[in-house]
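Listed below are the residues making up each chain.
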Amino acid sequence: MVAGAKVRVMSPEEIAAMGGGESPFLHWPQRSTLFAEREMRLRQIAATGHVMGDYLRFMADLAREQQKRLNDFPAVPLPDAQAIDTAARRGLPPLPAADWPRDPLWHGVVRQMAGQLREAAPAAAHPALDRLAQADDVFLERQADALLNNLNTGLDLATAPVVAAALQVYWTHMLLSVQQHHTAQGQPVGRIDDEGMCPCCGSRPTASITRSSGDAPGQRYLHCSLCGLQWHMVRIKCSHCLSTGKLAYHSLDRADAPVPADDEEAGNSGSRAATAPVQAETCDDCGHYLKIMHTDRDPFVEPVADDLATLTLDLLVSDTGQTRHGVNFMLLFGEPDEAPSPGGH
């Protein structure tokens, strides 16, 4: 591990001022490109000879299926204007992941994707995909409950990425439908009491990403692990405890060794940590970390894809005792109890 150079740390207010005024609070996912861009990035990284190349290509196939389903997702029940207003007054998300009554239409998305993925999937993935293709509604709902409540009990880790992928499509569709139907009455999604959680669904972020162009250059946005919404949070601030006091930034060099930086905005050409497109922002106050990705260092960086591709960084940071604040449904770990059978028994 090599220490980065010490430089002056800019305050969140100074960084915001450099962005040209107040930053827009939300950046909405684009229905036509959200998962297509993820697929493209996953294939790009896999083509470099990445050690996880086979898994990244499988995730690219999954992202392709997600884009197809999002393009054609049918209408589902949504919160009305009164429900949206009530959630806003209480500082709560209008489409809460843990509590929203899920429409069973999402079950068909799981089974369809499992069937399509099996054609090109490696043989090792066939048993899990077959379980999903034949799964009954009870099994799928139990898996969804475990995923959306961050539980390992009863979770089938092998099928979880495909189940989660269908839930991502469903929630992204609901988010964009709410935006379309209720914008005339005002912004349907706003700030909630917990600024480290998604203001639409209350889910944890996968990572944060800085924007290098558009109406918010240099600003950081947290990327929701479920619905794909991005919401603004000033930089040099822990996304878990909101502290600004004891933060550090770590990255991987070309040899996959972590390089700590005293300041993520160092700008020192001699510091690899200051130019790495993906860093881990760690907080000694609460012991949590979240990755931050910089589009000014790599314009093609994508929160979910690049999070998967930097798993080594997670392992090394976790070895120091830090706990991950974010979640990536495409790669879950744990030692769950025996999962229920797809037949619901």
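Everything here concerns the structure above.
Small disclaimer: the values here were computed from a predicted structure and weren't measured.

Conventions we followed
- Residues numbered from 1 in each chain as written.
- Predicted model: local features only at pLDDT ≥ 70, side-chain atom pairs only at ≥ 80, totals over all residues.
- Heavy atoms only, no water.
- Helix = DSSP H or I, 4+ residues; strand = E, 2+ residues; numbered from the N terminus.
- Buried < 20%, exposed > 50% of the residue type's maximum accessible area, 1.4 Å probe, protein only.
- Contact = heavy atoms within 4.5 Å.
- Areas by Shrake-Rupley, 256 points an atom, 1.4 Å probe, with all protein chains shown as cover.
- Polar contact = N/O pair within 3.5 Å; in protein donor to acceptor, adjacent residues only side chain to side chain.
- Salt bridge = Lys/Arg side-chain N within 4 Å of Asp/Glu carboxyl O.
- Phe/Tyr/Trp six-rings, centres within 6.5 Å; stacked < 30°, edge-to-face > 60°.
- Lys NZ or Arg CZ within 6 Å of the ring centre and 35° of its normal.

Visitor: Before we go on, may I ask you to explain the overall build of the chain in this structure?
Guide: On a plain count of helices and strands, the chain comes out with 10 helices and nine strands. Classification of the 345 residues of the chain by burial places 53% in the buried group. Sequence-distant contacts, at least 24 apart, represent 70% of the contacts inside the chain between residues at least 6 apart. With the model as given, the accessible surface of the chain reaches about 15200 Å², and the carbon-plus-sulfur share is 52%.

Visitor: Sorry, what's going on with the side chain of H250 here?
Guide: Along the chain, H250 falls in strand β5 (residues 247–252). Of the residues examined, H250 reaches a relative accessible area of 16% and is grouped as buried. Within the structure, the side chain of H250 is placed 3.3 Å from the side chain of T282, a separation counted as a polar contact.

Visitor: Even after reading the chapter, I still don't get the pattern of salt bridges, so can you show me in this structure?
Guide: Where side chains of opposite charge bring their charged atoms close, a pairing between them can arise. Evaluation of the coordinates by the stated rule reveals 22 salt bridges. E281 serves as the salt-bridge partner of R220, at 3.1 Å between the closest nitrogen and oxygen. Taken together, the residues span a long stretch of sequence, with R220 in strand β3 (residues 220–224) and E281 in strand β7 (residues 278–283) at a distance of 61 residues.

Visitor: Can you walk me through the side chain of T172 in this structure?
Guide: Tracing the sequence through the fold places T172 in helix α8 (residues 160–182). Of the residues examined, T172 reaches a relative accessible area of 1% and is grouped as buried. Polar side-chain contacts of T172 include one of 3.0 Å to the backbone oxygen of C227. Aside from chain neighbours lying at most four places away, what touches T172 is P29, L34, F35, L70, L226, C227 and G228.

Visitor: What exactly am I supposed to notice about the packing of aromatic side chains here?
Guide: Enumeration over the complete set of coordinates arrives at two aromatic pairs. Of the aromatic side chains, those joined through ring pairs into one cluster are F73, Y170 and W171. One residue, R191, lies across the ring of F25, its end atom 4.1 Å from the ring centre. When the ring centre of Y221 is taken as reference, the NZ or CZ atom of R211 above it lies at 5.5 Å.

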